[in-house]
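Each chain, letter by letter, is given below.
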Amino acid sequence: MTVGSLVVADLLIAVLAAAGWLGGGAASAARRRRLALGLAAFALLATVARAITITALARAGWWFAAEKILIAAPLSLAAVVVAGSRLLRAPADIRSAAVSLLFAGYAQSAALLVTVLHGYPASAGVGLLAVAGVVAATAVSWRALGARPSRSVSRAALVVAVAALLTGTGLAAAPGAAPAVRHDHRPGDARAVGEPTRRVTLTAGTATVRVRGRDVAAWAFNGQVPGPELTATVGDVLAVTLRNRDIARGVTLHWHGYDVPNGQDGVPGVTQAAVLPGQEFVYRFRADQAGTYWYHTHAVSDVGVRMGLYGVLVVRPAPVTGVDVTVPVHTLSGLPLPAPETEPVQAGVPVRLRLINTDSTTHRYALAGAPFRVAAIDGSDLRGPTPLVGTAVLIPAGGRYDLVFTAPATPVALFVDGRPVYSTGPVSTATGAWPVLDPLAYGVSSPVPWSRFDREFTLVLDRGLDLHGLLPRYAHTVNGAADPDIPPQVVRLGDVVKFTIVNRSLVVHPWHLHGHHVLVLSRNGKPTTGSPLWLDSFDVRPGDVWEVAFLADNSGMWANHCHNLAHADAGMLLHLMYR
Ligand code: C2O
Ligand code: CU
């Protein structure tokens, strides 16, 4: 069983246990003796089963089980002791067991709420809040059922409840540990990059584009989605003028995966101000890294990218030989955009397909008709990639894979999620059952260049209740906090930094650090066995624990976020800050 499914199983069992106890309490209050005993027995079983799932989760990592061990386990124990002992005294009148069973139900429900609404890390305040809730609900039931707790019991309960409430709300209202993001502005980054050799102007504006016979409202660069493909040769100096015609919420250009100087990174409020209608901003940087990248707006990026403010950036080491095409995959208004026109390819010609996932969720790609190699991921060449046949690849949101092959005499076709997007002729292969490539075990390994880490950070990804201004929201959280309250990770120039990224939520989080490529060390405790993987976008699936490292060699303030941009917008974004 994977840790991800264990998380789900544990949640389901917790719901069943809570429902069982509550149902048992209600049945006994209604004097339905057989039903009450049956539900109580069921709840007891579920509660015991939870001991097993919680233990298994703790073995997968403390992050997965912290609040379950510190808060849920004691509450469950109290539930079993109180309800169990009451039932063992086999009351002639089942109604007298109702409050005990309800208490057990409240205890289980409170523990469940702690996991669902708060998650990691557990805190004393949250624990007390849970206890207070259980005490209060039990007291109310006691009254409602006509029995009255003794004076001293009620008084003790009241004290616990008030103390817990104060502590809990105090913790919730305490100011976040995050210092305000400093806008240390270095417009244009005085770094000398030389005279531009490639000048481009991108004008952002609202547009109507035609997709599969339908008119779709979009936001476009130069009237087209995707925006113009920017190409350069290593050593070129790019000067890209961004103009905003009428995007009221502002635009910027972020060079996804391109480790530009901080001032060119295009994050509004951090590296520059958003470019408002009528304004412009010139980005300038030297193209030092060859490979497949893309650009997109980072102002209200969730909406902006989805609406079409993105395009391809390809930097080639030398003039192209053979066929070299980019295949950006994007969904506009629910419609997959068509791939670029395919030209006939002569047998024997080398072909490079640059696959780019510009959506917010993972896509599955399958190339049929020719053996291929994955030459590069996220712009970095792989070491010793071997030929693959009948194998699919999963590309995370924001990620890029370069597939290379020699054109055969027969047609080839690329399928994305089962839909053909590129083909040189009719290919009828069912690719749905193909195994998926694990990039951590592909190609030839080489030793990790660092033997020690100057700084280590852990990011536990989860969901939780968060106060956004004064509005409560169910945020996507990192270490229990949501943007802008997540403390930045502070490093010094030259540090070797290690991130441990843990996903205890039920959904995939494609992680993306700006300005740096991270080297994958391990996933779920297993070190990489294949080619060194230098990534800027990688899927941390539910239950996954990734260890990655990088050299802090690019000063500034860098966004570090989930590239499911709706998640980033809902809190899953923090910053890497150089001291
Ligand atoms: Cu492609 Cu901060 O993102
Ligand atoms: Cu996410």
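Cut-offs applied
Residues numbered from 1 in each chain as written. Chains lettered and ligands numbered in written order. Predicted model: local features only at pLDDT ≥ 70, side-chain atom pairs only at ≥ 80, totals over all residues. Heavy atoms only, no water. Helix = DSSP H or I, 4+ residues; strand = E, 2+ residues; numbered from the N terminus. Areas by Shrake-Rupley, 256 points an atom, 1.4 Å probe, with all protein chains shown as cover. Lys, Arg positive; Asp, Glu negative; His and termini not counted. Charge placed at Lys NZ, Arg CZ, Asp CG, Glu CD. Donors = N, O, S within 2.8 Å, 3.2 Å for Na, K, Ca; no water. Buried < 20%, exposed > 50% of the residue type's maximum accessible area, 1.4 Å probe, protein only. Pairing = 2+ DSSP bridges. Polar contact = N/O pair within 3.5 Å; in protein donor to acceptor, adjacent residues only side chain to side chain. Contact = heavy atoms within 4.5 Å. Axes fitted to C-alpha atoms, helices over the stretch in contact; angles between N-to-C directions. Parallel < 35°, antiparallel > 145°, perpendicular 65-115°, else oblique. Left-handed = near helix turned anticlockwise from the far one by under 90°. Nonpolar A, V, L, I, M, F, W, Y, C, P; charged D, E, K, R; others polar. 1 Å grid on protein atoms, 1.4 Å probe; cavity = no way out; pocket = protein on both sides within 12 Å on 5 of 7 lines; lining within 4 Å. Points joined across faces, edges and corners; volume = space filled by probe spheres on them.

**A word on the overall build of the chain**
For step 1, the next point in the chain: For the chain, the count of helices and strands is eight helices and 31 strands.
For step 2, the next point in the chain: In terms of overall dimensions, the chain has a C-alpha envelope of 90 × 55 × 55 Å along the principal axes.
For step 3, the next point in the chain: Summed over all atoms, the accessible surface of the chain reaches about 24,800 Å², with 61% contributed by carbon and sulfur.
For step 4, the next point in the chain: One way to put it: in the chain the 47 positive side-chain charges average out to a point 13 Å from where the 37 negative ones average out.

**Structural notes on the coordination of the copper ion (ligand 2)**
For step 1, the next point in the chain: Every protein donor of the copper ion (ligand 2) is listed here as His509 (ND1), Cys562 (SG) and His567 (ND1), and their distances to the metal cover 2.0 Å.
For step 2, the next point in the chain: For the copper ion (ligand 2), the donor residues sit on a single chain with the sequence spacing H-x52-C-x4-H. In this pair, His509 sits in strand β24 (residues 509-513) while His567 sits in helix α8 (residues 565-569), placing the two residues 58 residues apart along the sequence. One exposure class covers both His509 and His567, and it is buried.

**Some words on the sheet that holds strand β12 (residues 350-357)**
For step 1, the next point in the chain: In space, the five strands of this open sheet follow the order β9-β12-β17-β14-β15, with mixed pairing throughout. Across the chains shown, the open sheet's two edge strands, defined by having one partner strand only, are β9 (323-329) and β15 (380-381).
For step 2, the next point in the chain: As defined by bridge partners, β9 adjoins β12 across seven bridges and the pair is classed as parallel. Opposite Val325, over in β12, you have Leu353 as the bridge partner.

**Let's talk about the side chain of Asp378**
For step 1, the next point in the chain: Note on placement: Asp378 falls in the loop between β14 (373-377) and β15.
For step 2, the next point in the chain: The exposure class assigned to Asp378 is buried, which follows from its relative accessible area of 1%.
For step 3, the next point in the chain: A distance of 2.7 Å separates a polar atom in the side chain of Asp378 from the backbone nitrogen of Asp536.
For step 4, the next point in the chain: Within the local environment of Asp378, its side chain forms a polar contact with the backbone nitrogen of Ser537, the two atoms lying 3.0 Å apart.

**Points about the environment of His296**
For step 1, the next point in the chain: Residue position: His296 is located in strand β7 (residues 291-296).
For step 2, the next point in the chain: On a C-alpha basis, the gap between His296 and Pro226 in space is 9.7 Å, while along the polypeptide they are 70 residues apart.
For step 3, the next point in the chain: Apart from the residues within four sequence positions on either side, His296 is in contact with Thr252, Leu253, His254, His256, Val305, Leu309, Tyr310 and His563.
For step 4, the next point in the chain: A polar atom in the side chain of His296 sits 3.4 Å from the side chain of His563.

**Here we look at the packing of helix α1 (residues 3-29) against helix α2 (residues 33-60)**
For step 1, the next point in the chain: Running from N to C, α1 and α2 cross one another at 155°; their axes reach a closest spacing of 8 Å. Considering the angle they form, α1 stands roughly antiparallel to α2. Pair α1 / α2 crosses with left-handed handedness.
For step 2, the next point in the chain: Residues belonging to the contact of α1 with α2 are distributed by class as follows: 22 nonpolar, six polar and two charged.

**Comments concerning empty space enclosed by the protein**
For step 1, the next point in the chain: Under the definition given, this model contains three cavities of 30 Å³ or more.
For step 2, the next point in the chain: For the lining of the largest cavity, the element with the most residues is β24, which contributes three residues.
For step 3, the next point in the chain: Partitioning the lining of the largest cavity into residue classes produces seven nonpolar, three polar and one charged.

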